[in-house]
Amino acid sequence: MSDRTIKRRKPCVLHPTKESSRPRSGWISFNWSGYAKRKTTHPYRRISADWTVPYVLPSSRNSYSSAWIGIDGFANTDLIQTGTAHDWIQGKPVYYAWWEILPATETMIPNPVSPGDCMRGIITKLTRHSWCISLINLTKGWTFRTIQRYRGPQISAEWIVEAPSVGGSIASMSRLSPVAFRNCRLNGRPPAFYTRDKGILIQGQRILSIPGSPNCCRDGFVVRRAH
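This text gives an overview of the structure that appears in the document. A quick note: this is a predicted structure, and the numbers were derived from the prediction, not measured. Residue positions within a chain follow its written sequence, with the count starting from 1. Where totals are concerned, whole chains, interfaces and linings use all residues; where local detail is concerned, this predicted model gives features only for residues with pLDDT of at least 70, and gives and counts side-chain atom pairs only at 80 or more. In computing side-chain properties, one takes all heavy atoms of the structure into account and sets aside hydrogens as well as water.

Our next topic: the nonpolar core. Throughout, nonpolar core names a set of buried Ala, Val, Leu, Ile, Met, Phe, Trp, Tyr and Cys residues whose side chains join them through atoms within 4.5 Å. Using a 1.4 Å probe on the protein chains alone, a residue whose accessible area is under 20% of its type maximum counts as buried, one over 50% counts as exposed, and one in between counts as partly exposed. In terms of nonpolar packing, the biggest core is built from 41 residues, with I47, I80, W142, W159, V161 and F181 touching the most fellow members. W32, A36, Y64 and Y96 belong to the second-largest nonpolar core, a separate cluster that totals 17 residues.

Have a look at this one:
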């Protein structure tokens with residue numbers, strides 16, 4: 001079985017950092033970095049964003065990363081999502097697109113993805129349990145859509161760069177160029193990002209991935225690899 005077929009994204013695994021030593025961000029995770037919105041009323045029914053596929057830099061061992069949008073997964077184990085993968089496997093960079101509904105593993109999208117491509121992801125609730133997952137490569141001109149059943153509570157929404165799980169464990173995160181998220185929307189409106197929505201990724205004792213401050217419209221940000 002290849003690395004791709006055993007890869008999955010996990011719900012957010014929060015880091016148990018004491019409040020007194022917490023950096024100036026809303027949350028810390030072992031596997032996620034980016035922005036997340038959370039609520040218990042008026043469920044999230046639609047999320048979208050554009051992002052640029054990053055370049056993977058050489059690593060001494062296999063390493064993995066994904067950029068994605070999704071609903072749920074922050075404080076629960078449900079999650080519907082779509083995004084791009086940027087891995088370093090056996091001395092070579094690997095790029096591809098995917099969608100995923102936990103607890104299933106990823107489903108690869110068989111269309112080409114290259115670093116520098118501008119992607120647009122859209123996830124929309126159609127009926128009570130029917131959802132449309134769309135991923136568009138604006139650079140290469142292709143569109144992928146699939147209709148899937150999803151029953152999650154719709155209580156969080158995310159724009160994330162992740163170190164995914166490979167073989168059941170959180171993988172080493174790829175060394176990446178910055179990932180820029182733009183035109184983020186939630187239920188059709190700008191999400192109004194604030195610092196409390198921001199999370200950083202730590203592996204071991206090192207901060208590895210840090211989102212910057214929101215842009216002036218509070219609908220975009222850049223995630224940078226720290227090491």
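There's more to say after this.
Next up on the list: the sheet that holds strand 1 (residues 7-8). The rule for pairing is simple: two strands pair if DSSP sees at least two bridges between them. Secondary structure elements follow DSSP: runs of H or I no shorter than four residues count as helices, runs of E no shorter than two count as strands, and numbering proceeds from the N terminus. Spatially, 3 strands are ordered 1-14-15 in an open sheet, and the strand pairing comes out antiparallel. In this open sheet, the two edge strands, each paired with only one partner strand, are strand 1 and strand 15 (169-170).

The next subject is the state of the cysteines. Note that a disulfide, as used here, is simply two cysteine sulfur atoms within 2.5 Å. The final tally for this structure, using the stated rule, is 0 disulfides. Counting only cysteine sulfurs, C118 is the nearest neighbor of C132, a cysteine outside any disulfide, at a range of 19 Å. Taking relative accessible area as the criterion, C132 reaches 13% and is therefore assigned buried. Distance from the sulfur of C217, which forms no disulfide, to the nearest cysteine sulfur (C216) is 4.1 Å.

Turning next to the packing of aromatic side chains. Note on ring pairs: Phe, Tyr and Trp rings are taken, using the six-membered ring of Trp, and paired if centres are within 6.5 Å. Classes follow the plane angle, with under 30 degrees stacked, over 60 edge-to-face and the rest tilted. Enumeration over the complete set of coordinates arrives at 11 aromatic pairs. Relative to F193, the ring of Y35 has its centre 4.8 Å away and its plane inclined at 45°; by these criteria the two rings are tilted. On the criterion of sequence distance, the pair formed by Y35 in strand 3 (residues 32-38) and F193 in the loop between strand 17 (179-186) and strand 18 (198-203) is long-range, its members being 158 residues apart. Through a chain of ring-to-ring contacts, the aromatic side chains of Y35, W51, W159, F181, F193 and F221 assemble into a single cluster. Taking NZ or CZ as reference, R9 lies 3.7 Å from the ring centre of W98, over its face. Placement of a positive charge over a ring is assigned whenever Lys NZ or Arg CZ falls within 6 Å of the ring centre and within 35 degrees of the normal to the ring plane.

To continue, consider unusual backbone geometry. Of note, the amide linkage connecting L102 to P103 takes the cis form, showing an omega dihedral of 10°. Relative to the assigned elements, P103 resides in the loop between strand 8 (92-101) and strand 9 (107-109). At N183, a position not held by glycine, the phi torsion is positive, near 50°. As for its position among the elements, N183 is in strand 17.

Turning to the pairing of strand 13 (residues 156-162), a few remarks are in order. In terms of burial, strand 13 is a largely internal element, 7 of the 7 residues being buried. By the alternation rule, side chains of strand 13 split into S156, E158, I160 and E162 and A157, W159 and V161, which are all buried. Taken together, the 7 bridges between strand 3 and strand 13 define a ladder with antiparallel strand orientation. Bridge pairing in strand 13 links Y35 to W159.

Further remarks concern the environment of R151. Mapped onto the elements, R151 comes out in the loop between strand 12 (142-149) and strand 13. Assessed through its relative accessible area of 59%, R151 is described here as exposed. Distance from R151 to R128, taken between C-alpha atoms, is 8.2 Å for residues 23 residues apart in sequence. For R151, the side chain forms a polar contact with the side chain of H129, separated by 3.1 Å. Residues adjacent in sequence count toward polar contacts only when both atoms are side-chain atoms; beyond that, a polar contact is any pair of N or O atoms within 3.5 Å, and within protein one must be able to donate a hydrogen and the other to accept it.

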